[in-house]
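# Architecture and fold: a report
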Amino acid sequence: MQNIDRNTFFKITREFAHVPVTQSEGWWAFNSVENNNRFLFFVDSLENPSVACMAYSLKRMGIKMLQIAGECRREKKEEKTTRQQGRKQFTQLSSFYEELTKMGYNIIEIQSDTEWDFNYEMAVRQAGYLRPVGLFSTTTTRLINLSSPIGYDRNWERNIRKSNTYGLEFEALQQVEEEDCRDFCRIYNSMCERKSLYINSRISPKQIAALCGDPSFRLFFVNDKGRRISAIIVHIDTKTGSAQGIFAGSSEEALNKRASFFMYKELFDFLQDFCKIYDMAKLTPSGTGKLFQFKNGIEGKAVQLNGEFAWYQRSYYRLMMYFVKKHLMKKREV
């Protein structure tokens, strides 16, 4: 296990088959606008790297924590893997996470948004990680097959027809300028305010500029008579032929004109030339369930994710973290 610098990390992982969006250079830039020293970078071996990760490091009340949103792996998990290949990947992953527990941290949290895999769960459990008390992140998603005609439920079909009556236009940006970043934040932040989302959900134009400085992130708008009313940022992974929405927002005017339905329909048509799969992400009923109903109206493959695991230096930290997240941070269990 080695702690490496940022440039070395991104140079190494550029050749890896599996790099989650949360381990990308754009994601680092987005989260480092105010502080570019908040992340640490680890790799199992510089000579023969197989597993690496970017981890958020923090210290609260004397407790040192690492938070890891997925990990990068040189070899992609295939649907058909030989016993020997599977054992090798199992050992690499388990050893990597076990070595992290020796780096002097009190708590290490993992959030993996990859499809659930028996070997993955067994590997991190063997390394000493458990499911936390209470889950606070979505554990399911839906994968849309862009290689074949996309099926919509009646509600979607009705709203797509309705949106087509307003003469909306879909805009795919090749280059993101300062004005584009401001427009996106205007739409997204007004949506957050309308929905009474956490204050830390707000995004700044500097963050969007940093994110879209990575060419794998694309920005799209929906225009109504020259005014931008909906927007989405999508991560496109050319290695895997997959895409995933990162941030999306709509103005109140857009809701009245069904712009979100129009935007996704046009987005899928656009992505068919680049990708085979679109990941809807965060498919769990909650609150009024409107977002779930929206995403669930598109036909696709329902997928269970690996989700959350955590290692605790002391057993009582496990219950303590539940109390902190549930009652102090006011997070919602799923």
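On a predicted model such as this, the values are computed, not experimentally measured, just so you know.

This structure, assessed with the given rule, holds 17 salt bridges. The salt bridge partner of arginine 228 is glutamate 171, with a shortest N-O separation of 2.8 Å. Taken as a pair, arginine 228 in strand β10 (residues 227–237) and glutamate 171 in strand β8 (residues 169–172) lie far apart in primary sequence, 57 residues in all. Across the pair, exposure class does not vary: arginine 228 and glutamate 171 are buried alike. A salt bridge links aspartate 224 to lysine 225, with the nearest nitrogen and oxygen atoms 3.7 Å apart. Within the structure, one salt-bridge network assembled from shared partners comprises Glu171, Asp180, Asp183, Arg186 and Arg228.

Note on placement: glutamate 71 falls in the loop between β4 (63–68) and β5 (72–73). Here glutamate 71 falls in the buried class, since its relative accessible area comes to 1%. Within the structure, glutamate 71 has its side chain in polar contact with the side chain of tyrosine 97 (distance 2.7 Å). Among the polar contacts made by the side chain of glutamate 71, one reaches the side chain of tyrosine 120 at a distance of 3.0 Å. Ignoring anything within four residues of it in the chain, the contact list for glutamate 71 reads His18, Pro20, Gln23, Val51, Ala52, Cys53, Leu93, Tyr97 and Tyr120.

This brings us to the pairing of strand β3 (residues 51–60). Strand residues, when the strand is regular, have side chains that alternate between the two faces of the sheet. Judged from the 5 bridges that link them, strand β2 (residues 39–43) and β3 form a sheet pairing that is antiparallel. Looking at β3, one finds that phenylalanine 41 is bridged to methionine 54. With 2 bridges connecting them, β3 and β5 associate as antiparallel partners. Bridge assignment links valine 51 to a residue of β5, and that residue is arginine 73. Pairing of β3 with β4, which is carried by 6 bridges, proceeds in the antiparallel orientation. Bridging across to β4, serine 57 finds its partner in leucine 66.

Looking now at the environment of asparagine 145. Inspection of the secondary structure puts asparagine 145 in strand β7 (residues 140–145). Overall, the relative accessible area of 38% leaves asparagine 145 in the partly exposed class. Separated by 163 residues in the primary sequence, asparagine 145 and glutamate 308 place their C-alpha atoms 26 Å from one another. What asparagine 145 contacts, discounting residues up to four positions off in sequence, is Ile150, Lys276 and Ile277. Engagement of the side chain of asparagine 145 in a polar contact is seen with the backbone nitrogen of serine 147, the distance being 2.9 Å.

What follows covers the nonpolar core. In terms of nonpolar packing, the biggest core is built from 28 residues, with Val234, Tyr264, Phe268, Leu271 and Tyr278 touching the most fellow members. The set of elements that each furnish at least two residues to this core consists of α5 (154–163), β9 (217–224), β10 and α9 (259–271). Contacts of tyrosine 264, omitting those with residues within four sequence positions, involve Trp156, Ile232, Ala248, Tyr278, Met280 and Phe294. One finds Ile187, Phe217, Ile246 and Phe247 within the second-largest nonpolar core, a separate group that totals 22 residues.

What follows covers the packing of aromatic side chains. For the coordinates displayed, the defined rule picks out 25 aromatic pairs. With a centroid separation of 5.1 Å and an interplanar angle of 45°, the aromatic rings of phenylalanine 9 and phenylalanine 41 are classed as tilted. In this pair, phenylalanine 9 is assigned in helix α1 (residues 6–13) and phenylalanine 41 in strand β2, connecting sequence segments 32 residues apart. For phenylalanine 9, a relative accessible area of 1% gives the class buried. Accessibility expressed as a relative area gives 5% for phenylalanine 41, which makes it buried. By the ring-pair criterion, three or more aromatic residues cluster together here, those being Tyr152, Trp156, Phe261, Tyr264, Phe268, Tyr278 and Phe294.

Turning next to α5. Every buried residue of α5 is accounted for by Trp156, Asn159, Ile160 and Ser163. For α5, the arc enclosing every buried residue in end-on projection is 105°, short of the 170-degree limit, so these residues lie on one face. Opposite its buried face, α5 presents the exposed residues Arg154 and Arg161, each directed more than 90 degrees away. Contacts from the buried residues of α5 go to α9 and α10 (290–296). The N-terminus of α5 is capped by aspartate 153, whose side-chain oxygen sits 3.2 Å from the backbone nitrogen of asparagine 155.

Among the surface-exposed residues, Phe323, Leu328 and Met329 lie close enough to one another that they form a single nonpolar patch of about 320 Å² accessible area. Looking at where methionine 329 falls in the secondary structure, it is placed in the segment after α11 (316–328). Here methionine 329 falls in the partly exposed class, since its relative accessible area comes to 42%.

The interhelical angle for the contact between α5 and α9, taken along N-to-C directions, is 95°, at an axis separation of 8 Å. In terms of their interaxial angle, α5 and α9 are classed as roughly perpendicular. Contacts between α5 and α9 pair Asn155, Trp156, Asn159, Ile160 and Ser163 from the former with Phe261, Phe262, Tyr264 and Lys265 from the latter. Broken down by class, the residue content of the contact of α5 with α9 amounts to 5 nonpolar, 3 polar and 1 charged.

Procedures and definitions
- What you see as residue numbers is a count from 1 along each chain, following the sequence as written.
- Note on the predicted model: pLDDT of at least 70 is required for a residue's local features to be given, and 80 or more for side-chain atom pairs to be given and counted; whole-chain, interface and lining totals, by contrast, use all residues.
- Neither water nor hydrogens contribute to the side-chain values; these are computed over all heavy atoms in the structure.
- Just to be clear on terms, a salt bridge is a Lys or Arg side-chain nitrogen sitting within 4 Å of an Asp or Glu carboxyl oxygen.
- Each helix corresponds to a stretch of at least 4 residues labelled H or I by DSSP, and each strand to a stretch of at least 2 residues labelled E; elements are numbered beginning at the N terminus.
- Summary of the burial criterion: residues with accessible area below 20% of their type's maximum are buried, those above 50% are exposed, and those between are partly exposed, where the area comes from a 1.4 Å probe applied to protein chains only.
- Nitrogen and oxygen atoms within 3.5 Å of one another constitute a polar contact, given that in protein one can donate a hydrogen and the other can accept it, and given that sequence-neighbouring residues count only through two side-chain atoms.
- Here, two residues are considered to be in contact whenever any of their heavy atoms come within 4.5 Å of each other.
- By definition, two strands form a pair when at least two bridges between them are found by DSSP.
- We call a set of buried Ala, Val, Leu, Ile, Met, Phe, Trp, Tyr and Cys residues a nonpolar core when their side-chain atoms join them within 4.5 Å.
- Think of it this way: a Phe, Tyr or Trp ring, Trp meaning its six-membered ring, pairs with another when their centres are within 6.5 Å, and the plane angle makes it stacked under 30 degrees, edge-to-face over 60, tilted otherwise.
- The directions considered for the arc are those from the helix axis to the C-beta atoms.
- Patches here are clusters of residues that have more than 30% relative accessible area and form no salt bridge, with a 9 Å joining cutoff for like charges and a 5 Å cutoff for nonpolar side chains (Val, Leu, Ile, Met, Phe, Trp, Tyr).
- Under the convention used here, a 1.4 Å probe and the Shrake-Rupley method define accessible areas, while residue burial counts only the protein chains that appear.
- Axis angles are defined between N-to-C directions and span 0 to 180 degrees, where every axis is a line fitted to C-alpha atoms and, for a helix, only to the segment in contact.
- Just so you know how the angles are binned, under 35 degrees is roughly parallel, over 145 roughly antiparallel, 65 to 115 roughly perpendicular, and the rest oblique.
- Ten residues, namely Ala, Val, Leu, Ile, Met, Phe, Trp, Tyr, Cys and Pro, are considered nonpolar, four, namely Asp, Glu, Lys and Arg, are considered charged, and the remaining ones, Gly among them, are considered polar.

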